[in-house]
Amino acid sequence: MKYVLQDKVIHCRNGVSTIVSETIMGDREYYIIRALRGDQENIYVPKIGCENIIRPIMNEEQANALLISLKEFEKEFNPNTKQRRDAFKKRLSSGDPNDIAYLYRQYYLYMRFPEGIKLGPADVDMLEYATNILLDELSITYNVSRNEVERIVIRKIES
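Residues numbered from 1 in each chain as written. Predicted model: local features only at pLDDT ≥ 70, side-chain atom pairs only at ≥ 80, totals over all residues. Heavy atoms only, no water.

Enquirer: Got a sec to walk through the side chain of K47? Specific residues and values, please.
Expert: Note on placement: K47 falls in the loop between β4 (43-46) and β5 (54-56). A polar atom in the side chain of K47 sits 2.5 Å from the side chain of E22. (Helix = DSSP H or I, 4+ residues; strand = E, 2+ residues; numbered from the N terminus. Polar contact = N/O pair within 3.5 Å; in protein donor to acceptor, adjacent residues only side chain to side chain.)

Enquirer: Explain the sheet that holds β5 to me, and be specific about the residues and the numbers.
Expert: The strand order β4-β3-β2-β1-β5 describes an open sheet built from five strands, whose pairing is antiparallel. Two strands in the sheet have a free side with no partner beyond their single neighbour: β4 and β5. Each strand axis lies, on average, 50 degrees off the axis of its neighbour in the sheet, ignoring direction. Direction of pairing for strand β2 (residues 15-25) relative to strand β3 (residues 28-35): antiparallel, over a ladder of eight bridges. Residue pairing across strands places S21 opposite I32, the latter belonging to β3. (Pairing = 2+ DSSP bridges. Axes fitted to C-alpha atoms, helices over the stretch in contact; angles between N-to-C directions.)

Enquirer: Can you lay out the packing of aromatic side chains for me, pointing to particular residues and giving the numbers?
Expert: Within the structure shown, the criterion is met by six aromatic pairs. Ring plane angle 80 degrees and centroid distance 6.4 Å describe the contact between F77 and F88, whose orientation is recorded as edge-to-face. With F77 in the loop between α1 (60-70) and α2 (81-94) and F88 in helix α2, this pair connects stretches of sequence that are eleven residues apart. As far as burial versus exposure is concerned, F77 and F88 are alike and both buried. On the basis of an interplanar angle of 75 degrees and a centroid distance of 5.8 Å, the ring pair of F77 and Y110 is categorised as edge-to-face. (Phe/Tyr/Trp six-rings, centres within 6.5 Å; stacked < 30°, edge-to-face > 60°. Buried < 20%, exposed > 50% of the residue type's maximum accessible area, 1.4 Å probe, protein only.)

Enquirer: Give a description of the pattern of salt bridges that names residues and reports values.
Expert: Following the criterion strictly, the structure yields twelve salt bridges and no others. With a shortest N-O distance of 2.9 Å, D123 and R84 are connected by a salt bridge. In this pair, D123 is assigned in helix α4 (residues 121-142) and R84 in helix α2, connecting sequence segments 39 residues apart. For R84, a relative accessible area of 3% gives the class buried. Across the salt bridge formed by R146 and D136, the nearest N and O atoms sit 2.8 Å from each other. With a gap of ten residues between them, R146 in helix α5 (residues 146-158) and D136 in helix α4 connect regions that are remote in the sequence. The exposure class assigned to R146 is partly exposed, which follows from its relative accessible area of 23%. Put simply, K2, E22, E29 and K47 are held in one network by salt bridges that share partners. (Salt bridge = Lys/Arg side-chain N within 4 Å of Asp/Glu carboxyl O.)

So this is what it looks like as structure tokens:
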């Protein structure tokens, strides 16, 4: 995938980001991106293999399909803390919209129906991070405010 300056992308660890420039270091070409959230430092993404690190923002058709699929995710919490956190980390670092949506749904279900497993602060942090990534991306996709996209998602889940 070829990106141009000012393209919005999803970085697998930093969420919504913007391509701010390109550079060559040694014999490798890099995109320089900045995350929407965070400390605004430059992130260097090698152009070769960039599809493993960044991806385009979903279009409306993809986002609509993702919102429909949100209802299919059941509440699943592994009682083994290490296994649960490892699974959360793996999904979060994948950058895959379905994995991020799965984590969002788990957080939504945990907040709505907290009985059962007790999540620790690290679990909650990861689920909140996934929620931010998903809602930030959908906000850009639908060109609406973050608050509005949150209402859209909840309406879709609860309909």
